[in-house]
Amino acid sequence: MSETGALRIAYSPCPNDTFVFHALAHGLVPDAPDVDVTFADIDITNGMAERGELDVLKVSYAVLPYVLDEYALLPGGGALGRGCGPLVLTAEEGSGKGADLSGRTVAVPSERSTAYLLFRLWAAAEVPGGVGEIVVLPFHEIMPAVRDGRVDAGLVIHEARFTYQNYGLHKLADMGEHWEQTTGLPIPLGAIIAKRSLGEDRLGELAGAIHTSVHMAWDDPDASRSYVMEHAQEMDPAVADQHIGLYVNEFTSALGEDGYAAIRGLLTRAAAEGLVPPLGPGALDF
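Residue numbers run consecutively from 1 along every chain, following the written order of its sequence. Totals for whole chains, interfaces and linings use every residue, but because this is a predicted model, local features are given only for residues with pLDDT of at least 70 and side-chain atom pairs only at 80 or more, for both listing and counting. By convention in this description, side-chain values take in all heavy atoms of the structure and omit both hydrogens and water.

Participant: What exactly am I supposed to notice about the overall build of the chain here?
Facilitator: A count of helices and strands for the chain gives twelve helices and eleven strands. Within these notes, the globule rule equals 2.2 Å times the number of residues to the 0.38 power, and the radius of gyration is based on C-alpha atoms. In terms of overall dimensions, the chain is globule-like: its C-alpha atoms have a radius of gyration of 18 Å, near the 19 Å expected for 286 residues. If one aligns the C-alpha atoms of the chain with their principal axes, the spans along those axes are about 55 × 45 × 35 Å. Categorising residues by exposure relies on relative accessible area from a 1.4 Å probe, with only protein chains included: less than 20% of the type maximum marks a residue as buried, more than 50% marks it as exposed, and the intermediate range marks it as partly exposed. Burial analysis of the chain (286 residues in total) assigns 54% to the buried set. Here, residues are in contact when the closest pair of their heavy atoms is within 4.5 Å. Taking as baseline every contact in the chain between residues at least 6 positions apart, the subset at least 24 positions apart corresponds to 79%. Computed with a 1.4 Å probe, the accessible areas rest on the Shrake-Rupley method; for each residue, only the protein chains presented here act as cover. About 12,300 Å² of surface is accessible on the chain, with carbon and sulfur atoms providing 47% of the total. Side chains of the chain carry 18 positive and 40 negative charges; the gap between the two charge centres is 6 Å. Strands are runs of DSSP state E lasting at least two residues, helices are runs of H or I lasting at least four, and both sets are numbered from the N terminus onward. Positive charges are assigned to Lys and Arg, negative charges to Asp and Glu, while His and the chain termini are left out of the count. Lysine's charge is taken at NZ, arginine's at CZ, aspartate's at CG and glutamate's at CD.

Listed below in structure tokens is the structure:
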């Protein structure tokens, strides 16, 4: 907690996060706790969570098995959805099959990301003999690296779904499509977690405030426009709107039965592949 007693929260500058948290961050949610906001990309917030820093964090679902002793998964505010999964991109138009990546070098934004788990689960099923070297690059460097031939393929997330053609790249595979076709479940991407030490009452208050902030954003989308665009890193406003439309949905309001099933399904499959530790009983309980 900050010196003022405000909850220290970190989320990304991406349009979906600033849209969701605008009302909460600006003190517009009635009876909500005060918050002290830090902006950080999700690979940074994942590390913060593993070190036990800050009170509330937006993290990859992939990091949950490492932090659930100290943090609780909140039932809203995060990112799950359909048709919004990470993409594997290549510079040359290929067969559209995983065999194109056998033994090849692939750039990824993080090895502790949901995108990476989805990629590894896809590759285990679709890439004969497995991929070659995995190179971790900052998100914004991946598409240029693929375009310039420094890597054979790149795993991209977020607004890259709408902009990869600008780099002359081709979609080899959609990790979300594979996940949805094999499970029937939405794609779990980003989670909101809060320290269990806050106590049940404070956690409940926070969860309710985030739920209200989401619905205030939907009720008056223009209210958050300047906040969203201020942090959107020169993104075209139309792309920002597409980003929000794709990642802010019913699961952002409340995870619900399908949301929790998707999270358990991802982490159970990943644990079976040795990619993450197994979840303990009741680990996702709020």
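That covers the picture; the talk isn't over yet.
Participant: Sorry, what's going on with the packing of helix α4 (residues 114-126) against helix α7 (residues 175-183) here?
Facilitator: Describing two packed helices takes the angle between their axes plus the distance from one axis to the other. Every axis in this analysis is a line fitted to C-alpha atoms, fitted for helices over the stretch in contact. Angles between the N-to-C directions lie between 0 and 180 degrees. Where α4 meets α7, the closest approach of the two axes is 9 Å, and the angle between their N-to-C directions is 70°. By the angle between their axes, α4 is roughly perpendicular relative to α7. Contact with α4, carried on its side by L118, F119, L121, W122, A125 and E126, involves M175, H178 and W179 of α7 and no other residues of that element. Grouping the constituent residues of the contact of α4 with α7 by class yields seven nonpolar, one polar and one charged. The cut-offs work like this: below 35 degrees is roughly parallel, past 145 is roughly antiparallel, 65 to 115 is roughly perpendicular, and the gaps in between are oblique. Any residue outside Ala, Val, Leu, Ile, Met, Phe, Trp, Tyr, Cys, Pro, Asp, Glu, Lys and Arg is labelled polar, Gly included; the first ten of those are nonpolar and the last four are charged.

Participant: When you look at the packing of aromatic side chains in this model, what are you seeing that I'm missing?
Facilitator: Two aromatic rings are characterised by how far apart their centres lie and by the angle between their planes. Two aromatic rings from Phe, Tyr or Trp, using only the six-membered ring of Trp, form a pair when their centres are within 6.5 Å; if the ring planes differ by under 30 degrees the pair is stacked, by over 60 it is edge-to-face, and anything between is tilted. Summed over all chains, the structure comprises four aromatic pairs. Measuring from ring centre to ring centre gives 4.6 Å for Y11 and F21, while their planes differ by 10°; the resulting arrangement is stacked. With a gap of ten residues between them, Y11 in strand β1 (residues 7-11) and F21 in helix α1 (residues 15-25) connect regions that are remote in the sequence. Their ring planes at 35° and their centres at 5.9 Å tell us that F119 and W122 sit as a pair that is tilted. Within this pair, F119 and its partner W122 are both found in helix α4, separated by three residues, close to a single helical turn. Grouping residues by exposure puts F119 and W122 together as buried. Each member of the aromatic cluster is reached from another via a ring pair, and the members are Y11, F21, F39 and Y227. In this analysis the charged atom, NZ for Lys or CZ for Arg, is taken to sit over a ring once it is within 6 Å of the ring centre and within 35 degrees of the ring normal. Sitting over the face of the ring of Y66, R112 holds its NZ or CZ atom 3.7 Å from the ring centroid.

Participant: Can you walk me through the side chain of T90 in this structure?
Facilitator: Following the sequence through the fold, T90 ends up in strand β6 (residues 87-90). A relative accessible area of 10% means that T90 is categorised as buried. Polar contacts, as counted here, are pairs of nitrogen or oxygen atoms within 3.5 Å of one another; within protein the pair requires one atom able to donate a hydrogen and one able to accept it, and residues that are adjacent in sequence qualify only if both atoms are side-chain atoms. A distance of 2.8 Å separates a polar atom in the side chain of T90 from the backbone oxygen of E92. Excluding its chain neighbours within four sequence positions, the residues that come into contact with T90 are V146, D152, A153, L169, H170 and L172.

Participant: Can you walk me through the pairing of strand β2 (residues 35-39) in this structure?
Facilitator: In summary, the side chains of a regular strand alternate between the two faces of the sheet. Of the strand pairs in this sheet, β1 and β2 are connected by five bridges, and their pairing is parallel. Across the sheet, the residue bridging to I9 is V37, located in β2. Look down the strands so they point away from you; if going from the first strand over the helix to the second traces a clockwise path, that crossover is right-handed. At this point the chain moves from β1, through α1, to the parallel β2, and the crossover so formed is right-handed. Strands qualify as paired when DSSP identifies two bridges or more between them.

Participant: Looking at this structure, I do not really get the sheet that holds strand β9 (residues 153-156). What am I missing?
Facilitator: Hydrogen bonds along the backbone pair up the strands of a sheet, which may run parallel or antiparallel. Pairing is mixed across the open sheet formed by five strands, whose spatial order is β8-β7-β9-β6-β10. Because the sheet does not close on itself, it has two edges, and the strands there are β8 (134-136) and β10 (170-174). When strand polarity is set aside, the average angle formed by the axes of neighbouring strands in this sheet is 30°. Across the sheet, α4 lies against β6, β7 (106-108), β8, β9 and β10, angled at about 130° from β9, the strand it touches most. Packing of α7 onto the sheet brings it into contact with β6, β9 and β10, and relative to β10 it is tilted by some 25°.

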